[in-house]
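Each chain, letter by letter, is given below.
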Amino acid sequence: MIIGIDMGGTHIDGAAIENGVLIASVKHQVDHGNYFASIWQCLEDLLSQVDKDAVERIHLSTTISTNAIIEGRLADVALILQTGPGLQWHFERMGEHIVYLSGSVDHRGILVRNLDMTQLDDAREQLLENPVDALAVISKFSTRNPEFERRIKKYFEGDYNEITMGHTLSGKLNFPRRVRTAYLNAAVSRTFIGFAESMREALRQSSIDAPVFVLKADGGTVDLEGAMSKPVETILSGPAASFMGVRALVDDERSDRVLIDVGGTTTDLFFLVDGVPVFEPLGIEIDGRKTLVRALFSQSIGIGGDSHVRFEEGALKIGPRRYGLPIAFGGDSMTPTDALVYLGKLEGAYRDKCLQAVERMAAEHGFEGVALAEMIVRRMCEEIRQAIERVLDKLNASPVYTIEELLRDRTIRPQAVEIIGGPAASLSGYLEETLCLPVYCPLHHEIANAIGAALAKPTLEINLIADTEREKMSIPERGIYMPIDRTFNWREAEQFALSQVRDAGKALGLEEDQLDAEIVESSSFNMVKGYGGRVDRNIRVKAQIKPGLLEKLRKSD
Amino acid sequence: MKAKNTLGLILFPAFDWAISRSHPEREERLLYTQDQLLEEGIEDIEGIEFFNPGMATLHDINRVHFCFPDAQSLLTESHLIAAGGVMRAFDAVLSGETDKAFALVRPPGHHAQRVVYGDRGFCIINIEAVGLEYARQRYGDMRVAIVDTDCHHGDGTEDIYWNDPDTLFISFHQDGRTLYPGTGDIDELGGPGAFGYNVNIPLPPNTGDAGFHYILENTVMPILEDYKPDIIINSAGQDNHYTDPLTNMNFSAQGYAALNERLNPDIAVLEGGYSIQGALPYVNTGIILAMAGLDYSGVVEPDYHLGKWRQSERVTDHVRRIAEQVNERWLKREELSKREYGDRLTVTRRRQVYYDTAGIMEIQVQEFKVCSECPGVNTVHSYNDRGASMAGITIPRKACHACREEGYKLFEHAAATKKSYLQDMSSDDYMVSR
Ligand SMILES: [Zn+2]
Ligand SMILES: [Zn+2]
Ligand SMILES: [Zn+2]
């Protein structure tokens with residue numbers, strides 16, 4: 001049995017799944033004063049309905065790290081940066097304790113200027129004036145050669161409880177994002193570790209020894225141990241949990257699809273191409289900070305079931321603000337939800353009040369009540385359609401770097417839409433008309449998030465680079481920086497990448513048939529020194545465990 | 001971080017195309033440049049946008065070139081995409097999408113002349129000219145200055161705009177007596193319709209940052225102020241760099257960036273440059289930051305030492321003398337034109353063109369009709385050592401009625417004896433005889 005828990009902004013959902021069948025689910029309110037207690041109560045409630053001893057794994061999608069960042073509860077972090085030659089970014093909102101050191105490596109990882117040890121002594125002195133708990137060390141091109149980050153870490157070991165090295169967080173190139181990611185990782189570290197330790201302790205006391213996995217924004221999971229060393233990977237996992245839940249609830253189609261998650265204030269859009277989810281090219285943005293945290297691509301639009309509806313200079317406007325609950329649920333601001341209640345598509349606790357309010361607003365602007373309600377719903381659908389169009393334009397213009405890709409012209413053309421969230425079922429008919437596409441609202445969609453949390457499997461991506469001239473190979477995500485032979489070739493590189501991904505997957509507890517290791521990108525460049533010189537190779541392979549599900553959800557019989 | 005000037009980048013490294021396995025123009029060429037741009041986080045700078053190239057059509061190519069036997073058999077998709085990348089840059093700027101644009105595409109184009117039998121200096125089609133002529137047909141006429149900062153003489157661009165007074169071509173390059181293609185003398189000043197609007201600035205080997213900036217301040221900028229172009233294009237070859245394996249100049253990334261800041265081009269197009277690890281990553285980053293109006297002071301090559309690359313007094317003197325000679329020709333261009341062409345009705349020019357990559361020798365006779373109403377129709381008769389023979393007639397964009405009629409007559413006449421091409425740029429029509 002797998003337990004899935006997803007903590008959102010207001011609710012916390014739990015689901016228990018045994019052999020692909022949903023056997024129990026719960027919904028609680030989040031206590032913003034005590035996140036751990038919220039999760040634990042939800043888990044206890046769920047466990048009370050099932051056989052505790054049959055629990056094989058517990059999957060958590062938490063907002064622990066997310067909220068720490070958004071609410072600004074970040075630990076003070078000492079930052080050591082080696083910016084090397086190039087563009088000089090000004091790093092803001094990272095506190096006061098930033099030290100710049102000389103020393104750099106180039107794009108191939110070749111040492112350009114050595115680290116000056118006397119500068120390290122000075123840095124320590126300077127940083128110790130304001131002692132803090134966590135340190136983050138980031139060098140330009142450290143993914144190509146992490147020697148400086150490692151040496152600096154070694155030098156400061158003992159001074160800090162937590163030291164984050166930039167190259168351990170992603171194999172991708174983007175120095176400013178690496179700096180922000182490492183900073184955030186160090187800054188949420190203590191909060192997350194505190195949570196993780198409480199969790200372990202509580203499980204121990206309840207004699208549950210199932211392993212705990214934590215959801216990531218890319219729809220995969222990481223074991224608790226891994227999450228404790230890279231807590232930044234656990235940010236913004238909620239939307240990914242919902243996305244994975246829908247994957248578990250609908251039939252697999254190798255087609256282009258859009259997933260719409262309608263919330264109270266916002267609506268999130270996700271995309272699948274040939275049935276494969278679209279990812280952020282570099283990483284997700286949180287609180288205005290662009291990171292290298294791998295994530296599903298999503299676009300949030302400022303319109304939801306509770307968005308404020310009004311007329312401005314004779315024109316109907318919806319959102320992006322929200323003023324409390326819909327009238328039909330005890331609030332007093334007109335919303336799309338009220339329009340749906342008026343049209344009889346949705347139940348409402350205060351139906352009469354809602355009907356009156358719609359009638360009144362309609363009369364004020366010279367409409368019939370039905371006409372206004374229809375107009376609101378169709379306007380909402382139209383805004384969603386336009387947003388989808390805009391995102392598709394953007395995705396279809398994503399940069400390509402080979403002639404083959406440019407000529408292939410893989411334009412995304414959605415063939416179906418899946419919709420989840422509060423008013424999903426009532427909206428699907430209208431959306432179908434607006435989008436001219438079939439719109440599916442899966443069964444159990446209201447707890448898709450918890451189901452997704454339960455069924456998501458570990459994922460991981462690695463970026464291998466082999467340079468036969470330097471006789472070196474690296475996979476930053478695995479901490480591999482090793483010598484290779486000059487004859488090392490492309491095929492060997494691909495095989496090595498696959499075996500590394502498989503090993504990592506097995507270490508995360510995946511079975512052979514769940515591994516699904518694949519090469520995502522692969523290229524080999526001839527390197528020639530001067531004219532007619534010897535030919536070496538610069539080989540680049542990206543491999544991953546395909547994000548996916550441990551199993552599909554079956555209909556209970 | 002926010003760019004002062006919005007900038008469109010067409011970065012298309014064509015990772016699956018090479019002239020041959022170990023040719024300098026191979027898949028690897030922009031690999032480290034892309035790495036550098038990614039690591040610098042260029043794509044996260046507000047105001048810098050990345051665009052995919054489009055693909056030029058054969059019509060776009062025929063607008064500029066006489067391809068023998070035809071464009072289809074000489075070109076691969078890579079050429080159409082490189083040209084399409086430059087067209088995209090023009091679209092970005094002229095439609096107002098971005099203030100400026102930089103096409104980082106390959107292969108280059110500035111050695112490709114109007115007549116094309118094959119590859120010259122890694123170029124088959126002139127991607128700037130294809131982009132510019134496309135833009136003129138789409139967005140209307142404009143006065144344009146092309147400043148070629150590649151180390152080699154931009155002989156292809158010179159040939160295409162030889163007789164076009166609306167396109168000022170300025171090329172600085174290592175003196176042709178010491179480097180391919182051998183042309184680019186200061187006395188190559190243009191045809192009778194545009195005499196003086198072809199400006200060559202041959203520089204001595206070992207010219208450094210100081211020399212380039214001297215030329216920029218004392219020759220290029222004054223000429224541009226005088227000419228008042230609507231747009232400026234930088235043919236941004238990067239082989240003046242001190243690490244370039246094919247040339248002998250000492251320009252640095254800082255030098256290239258400062259040049260672009262001062263020149264302030266609307267559009268830049270990558271041309272040559274084959275120091276793919278030591279120069280291109282830094283030079284391209286420098287150009288991008290300079291075009292975007294951002295601080296580029298930190299962009300320094302790992303092995304750069306000012307002392308080592310400072311130019312000698314002798315070079316400085318030489319550069320100063322060249323500048324004086326070029327300036328004099330610019331100021332006296334009308335007088336010199338009269339002296340050169342007098343009252344002649346037709347000007348004939350005989351020349352030889354060598355295709356180094358393809359190994360073809362071509363002989364050309366060009367005939368320029370002199371017209372007081374327009375730049376005049378012109379004809380090129382060409383044959384090569386492989387037995388090919390052709391004639392090409394160009395009717396300029398602003399041709400007067402008489403010249404246009406004349407052009408069609410010339411075409412008919414030539415077509416009777418050999419394969420002939422007609423470029424009617426005034427109506428954007430292109431024809432080939434059987
Ligand atoms: Zn030049
Ligand atoms: Zn060149
Ligand atoms: Zn005329």
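Reading the values: rules and limits
Residues numbered from 1 in each chain as written. Chains lettered and ligands numbered in written order. Predicted model: local features only at pLDDT ≥ 70, side-chain atom pairs only at ≥ 80, totals over all residues. Heavy atoms only, no water. Pairing = 2+ DSSP bridges. Helix = DSSP H or I, 4+ residues; strand = E, 2+ residues; numbered from the N terminus. Axes fitted to C-alpha atoms, helices over the stretch in contact; angles between N-to-C directions. Contact = heavy atoms within 4.5 Å. Buried area = accessible area lost by both parts, 1.4 Å probe. Salt bridge = Lys/Arg side-chain N within 4 Å of Asp/Glu carboxyl O. Polar contact = N/O pair within 3.5 Å; in protein donor to acceptor, adjacent residues only side chain to side chain. Nonpolar A, V, L, I, M, F, W, Y, C, P; charged D, E, K, R; others polar. Buried < 20%, exposed > 50% of the residue type's maximum accessible area, 1.4 Å probe, protein only. Domains from an automatic or database assignment. Donors = N, O, S within 2.8 Å, 3.2 Å for Na, K, Ca; no water. Tetrahedral: all angles 85-135°; square planar, octahedral: opposite > 155°, others 65-115°. Parallel < 35°, antiparallel > 145°, perpendicular 65-115°, else oblique. Core = buried A, V, L, I, M, F, W, Y, C linked by side-chain atoms within 4.5 Å. Phe/Tyr/Trp six-rings, centres within 6.5 Å; stacked < 30°, edge-to-face > 60°.

Colleague: Could you clarify how one ought to interpret the sheet that holds strand β13 (residues 378–384) of chain B in this entry?
Modeller: The pairing of strands in a sheet comes from backbone hydrogen bonds and takes either a parallel or an antiparallel form. Residue and element names in this part refer to chain B. Taken together, six strands build an open sheet; the order of strands is β11-β12-β13-β14-β15-β16 and the sheet is mixed. Each of the sheet's edge strands pairs with one partner strand only, and the pair in question is β11 (346–355) and β16 (429–432). Pairs of neighbouring strands in the sheet enclose a mean axial angle of 15 degrees, with direction left out of account. Taken together, the 10 bridges between β11 and strand β12 (residues 360–369) define a ladder with antiparallel strand orientation. Counterpart to Thr348 in the pairing with β12 is Glu367. Relative to the sheet, helix α13 (residues 401–415) contacts β12, β13, β14 (389–395), β15 (419–424) and β16, its axis offset from that of β15 by approximately 165 degrees.

Colleague: Explain the interface of chain A and chain B here, please?
Modeller: Accessible area lost during the coming together of the parts is what is often quoted as the interface size. Listed by partner, the interface residues are 42 residues for chain A and 44 residues for chain B. For the pairing of chain A and chain B, the buried interface totals around 3,800 Å² over both sides, and the portion due to carbon and sulfur atoms is 60%. In terms of surface lost to chain B, no three residues of chain A exceed Leu87(A), Tyr401(A) and Ile403(A), which account for 19% of the buried area on that side. Counting every contact that joins chain A to chain B gives five salt bridges. Where chain A touches chain B, the interface holds 22 residue pairs in polar contact (both at pLDDT 80 or more). Looking at the side of chain A that touches chain B, the elements that each hand over two or more residues are β8 (111–113), α5 (175–205), α11 (403–408), β26 (517–528) and β27 (535–545) of chain A. A per-class count over the side of chain A that touches chain B returns 21 nonpolar, 11 polar and 10 charged.

Colleague: For this particular structure, what's the right way to read the pattern of salt bridges?
Modeller: Any two side chains of opposite charge can pair, given that their charged atoms come close. Taken as a whole and assessed by the stated rule, the structure comprises 60 salt bridges over all chains. As a salt-bridge pair, Asp274(A) and Arg410(A) come within 3.0 Å of each other at their nearest N and O atoms. On the criterion of sequence distance, the pair formed by Asp274(A) in the loop between β14 (267–273) and β15 (276–277) and Arg410(A) in the loop between α11 and β21 (416–421) is long-range, its members being 136 residues apart. A salt bridge links Asp175(B) to Arg177(B); its shortest N-O distance comes to 2.7 Å. Take Asp175(B): its relative accessible area is 9%, and that puts it in the buried class. Because the salt bridges share partners, they merge into one network encompassing Lys172(A), Lys216(A), Asp218(A), Arg294(A) and Glu461(A).

Colleague: Just to check I follow, could you spell out the domain arrangement of chain B for this structure?
Modeller: Residue and element names in this part refer to chain B. Each assigned domain of chain B is listed with its residue range as follows: domain 1 (2–334) and domain 2 (343–432). Summarising the inter-unit geometry, the C-alpha centres of domain 1 and domain 2 are found 26 Å apart. Carbon and sulfur atoms supply 54% of the area buried between domain 1 and domain 2, which totals about 2,900 Å² over both sides. When the buried area of domain 1 at its contact with domain 2 is split by residue, Phe66, Phe68 and Tyr117 rank highest and sum to 25% of it. For the pair domain 1 and domain 2, the interface holds six salt bridges. Asp159 is paired through a salt bridge with Arg351; the nearest N and O atoms lie 3.2 Å apart. Linking domain 1 to domain 2 there are 27 residue pairs in polar contact (both at pLDDT 80 or more).

Colleague: Hey, could you run me through the coordination of the zinc ion (ligand 2) in this one?
Modeller: Around a metal, the ideal angle is 109.5 degrees if four donors adopt a tetrahedral arrangement and 90 or 180 degrees if six donors adopt an octahedral arrangement. Residues and elements named next belong to chain B. Protein coordination of the zinc ion (ligand 2) is provided by Asp150 (OD), Asp150 (OD), His152 (ND1) and Asp239 (OD), with donor distances spanning 1.9 to 2.8 Å. In this structure, the zinc ion (ligand 2) is coordinated by four donor atoms arranged in irregular fashion, with angles at the metal of 52 to 157 degrees. Linear spacing of the donor residues for the zinc ion (ligand 2) on their chain is D-x1-H-x86-D. On the criterion of sequence distance, the pair formed by His152 in the loop between β6 (144–148) and α6 (155–160) and Asp239 in the loop between β9 (231–236) and α8 (253–263) is long-range, its members being 87 residues apart. The same class applies to His152 and to Asp239, which are both buried.

Colleague: Before we go on, may I ask you to explain the packing of helix α7 (residues 238–249) of chain A against helix α13 (residues 448–455) of chain A in this structure?
Modeller: The angle between the axes and the distance between the axes are what describe a pair of packed helices. All names here are of chain A. In contact at an axis separation of 6 Å, α7 and α13 are set at 85 degrees when each is read in the N-to-C sense. Taken together, the axes of α7 and α13 lie roughly perpendicular to each other. Here α7 contributes Ala241, Ser242, Met244, Gly245, Val246, Ala248 and Leu249 to the contact with α13, which in turn contributes Ala448, Asn449, Ile451, Gly452, Ala453 and Leu455. In terms of residue class, the contact of α7 with α13 is built from nine nonpolar, four polar and no charged.

Colleague: For this particular structure, what's the right way to read the coordination of the zinc ion (ligand 1)?
Modeller: Those protein atoms acting as donors to the zinc ion (ligand 1) are Asp148(B) (OD), Asp150(B) (O), Ser171(B) (OG) and Phe172(B) (O), and they sit at 2.5 to 2.7 Å. Geometry at the zinc ion (ligand 1) is irregular, judged from its four donor atoms and the angles of 63 to 152 degrees they form at the metal.

Colleague: What am I meant to see in the nonpolar core here?
Modeller: Grouped burial of nonpolar side chains is what soluble globular proteins tend to show. Residues Phe102(B), Leu168(B), Ile201(B) and Val220(B) are the most contacted members of the largest nonpolar core, which totals 98 residues. For this core, the leading source of residues is helix α9 (residues 280–292) of chain B, giving nine residues. Beyond its immediate stretch of four places on either side in the chain, Leu168(B) contacts Val144(B), Ala145(B), Ile146(B), Tyr197(B), Val199(B), Ile223(B), Leu224(B), Tyr227(B) and Trp330(B). Counting residues in hydrophobic clusters, the runner-up holds 49 residues, among them Ala241(A), Leu259(A), Ile475(A) and Ile480(A).

Colleague: In this structure, what is going on with the pairing of β21(A)? I would like to understand it.
Modeller: In the case of a regular strand, side chains alternate between the two sheet surfaces. Residues and elements named next belong to chain A. Summarising burial for β21: six of the six residues are buried, a large majority. Neither face of β21 is left uncovered, since the one carrying Ala416, Glu418 and Ile420 and the one carrying Val417, Ile419 and Gly421 both have all their residues buried. By the bridge criterion, six bridges tie strand β13 (residues 257–262) to β21 in an arrangement that is parallel. The partner of Asp261 across the bridge, within β21, is Ile420. Pairing geometry for β21 and strand β22 (residues 439–440), over two bridges, is parallel. The residue bridging Val417 from the neighbouring strand is Val439, located in β22.

Colleague: Can you walk me through the packing of aromatic side chains in this structure?
Modeller: Counted according to the given criterion, the structure contains 23 aromatic pairs over all chains. With centroids separated by 4.3 Å and ring planes inclined at 25 degrees, the aromatic side chains of Tyr242(B) and Trp309(B) adopt a geometry described as stacked. With Tyr242(B) in the loop between β9 and α8 and Trp309(B) in helix α10 (residues 306–309), the pair connects residues that are 67 residues apart, well separated along the chain. Of the two residues, Tyr242(B) and Trp309(B), both sit in the buried class. Taken together, the ring pairs in this structure connect Phe36(A), Trp40(A), Phe192(A) and Phe195(A) into an aromatic cluster.

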